[in-house]
Amino acid sequence: QVQLVESGGGSVQAGGSLRLSCAASGRTFGNLAMGWFRQAPGKEREFVAAVSRSGGSTYYADSVKGRFTISRDNAKNTVYLQMNDLKPDDTAVYYCNADKGVGRVVAGEGDYWGQGTQVTVSS
């Protein structure tokens with residue numbers, strides 16, 4: 001079993017930045033691909049970004065390319081999402097996702113989910 005705990009959410013103005021963190025426990029972190037999803041009010045959960053087990057490959061939704069960066073620190077069992085140039089449309093609850101396969105993470109089919117952290121961007 002894997003436990004995921006997100007942190008770092010908050011309220012910012014448009015153009016601002018936030019860094020989300022997701023700490024994992026319960027399984028060897030280096031064996032897990034990691035990803036971030038988000039869900040805005042009244043909308044379905046959508047893929048944001050993912051990183052392979054080694055960190056060598058990253059994947060992004062078109063809507064966040066060039067603004068968000070996913071990274072991982074296997075020594076700290078943590079994955080990060082650096083979010084720059086935030087827009088009101090980025091307002092959502094952000095969820096961490098993990099699985100052995102990065103393809104399953106990108107598809108939203110990862111076995112493990114965190115509880116989410118709220119990000120609110122005001123104009």
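Model, not experiment: these values are computed from the prediction. (Residues numbered from 1 in each chain as written. Predicted model: local features only at pLDDT ≥ 70, side-chain atom pairs only at ≥ 80, totals over all residues. Heavy atoms only, no water.)

## Some thoughts on the packing of aromatic side chains
- One pass over the structure, following the stated rule, counts 2 aromatic pairs.
- Ring centres 5.5 Å apart and planes at 70° place the aromatic pair phenylalanine 37 and phenylalanine 47 in the edge-to-face group. Within this pair, whereas phenylalanine 37 is found in strand 4 (residues 33-39), its partner phenylalanine 47 is found in strand 5 (residues 46-51), the two being separated by 10 residues in sequence. Take phenylalanine 37 and phenylalanine 47: they sit in the same class, and that class is buried.
- Both rings, one in phenylalanine 37 and one in tryptophan 113, keep their centres 5.2 Å apart while their planes meet at 65°; by these two values the pair is edge-to-face. (Phe/Tyr/Trp six-rings, centres within 6.5 Å; stacked < 30°, edge-to-face > 60°. Helix = DSSP H or I, 4+ residues; strand = E, 2+ residues; numbered from the N terminus. Buried < 20%, exposed > 50% of the residue type's maximum accessible area, 1.4 Å probe, protein only.)

## Concerning the side chain of threonine 117
- As for its position among the elements, threonine 117 is in strand 11 (residues 117-122).
- With relative accessibility at 11%, the residue threonine 117 sits in the buried group.
- For threonine 117, the side chain forms a polar contact with the main-chain nitrogen of glycine 9, separated by 3.2 Å.
- Among residues more than four places away in sequence, those in contact with threonine 117 are Glu6, Ser7, Gly8, Gly9, Leu20, Ala92, Val93 and Tyr94. (Polar contact = N/O pair within 3.5 Å; in protein donor to acceptor, adjacent residues only side chain to side chain. Contact = heavy atoms within 4.5 Å.)

## A few points about the nonpolar core
- In terms of nonpolar packing, the biggest core is built from 35 residues, with Leu4, Met34, Trp36, Val79, Leu81, Met83 and Tyr94 touching the most fellow members.
- Of all the elements in the fold, those that place two or more residues in this core are strand 3 (18-25), strand 4, strand 5, strand 7 (68-73), strand 8 (78-83), strand 9 (92-99) and strand 11. (Core = buried A, V, L, I, M, F, W, Y, C linked by side-chain atoms within 4.5 Å.)

## Some details on the pattern of salt bridges
- Considering all chains together, one arrives at 7 salt bridges under this definition.
- Residues aspartate 99 and arginine 104 are paired through a salt bridge, measuring 3.1 Å at the closest nitrogen-oxygen approach.
- For aspartate 99, a relative accessible area of 3% translates into the label buried.
- Judged by its relative accessible area of 35%, arginine 104 is partly exposed.
- Within the structure, one salt-bridge network assembled from shared partners comprises Arg38, Glu46, Arg67 and Asp90. (Salt bridge = Lys/Arg side-chain N within 4 Å of Asp/Glu carboxyl O.)

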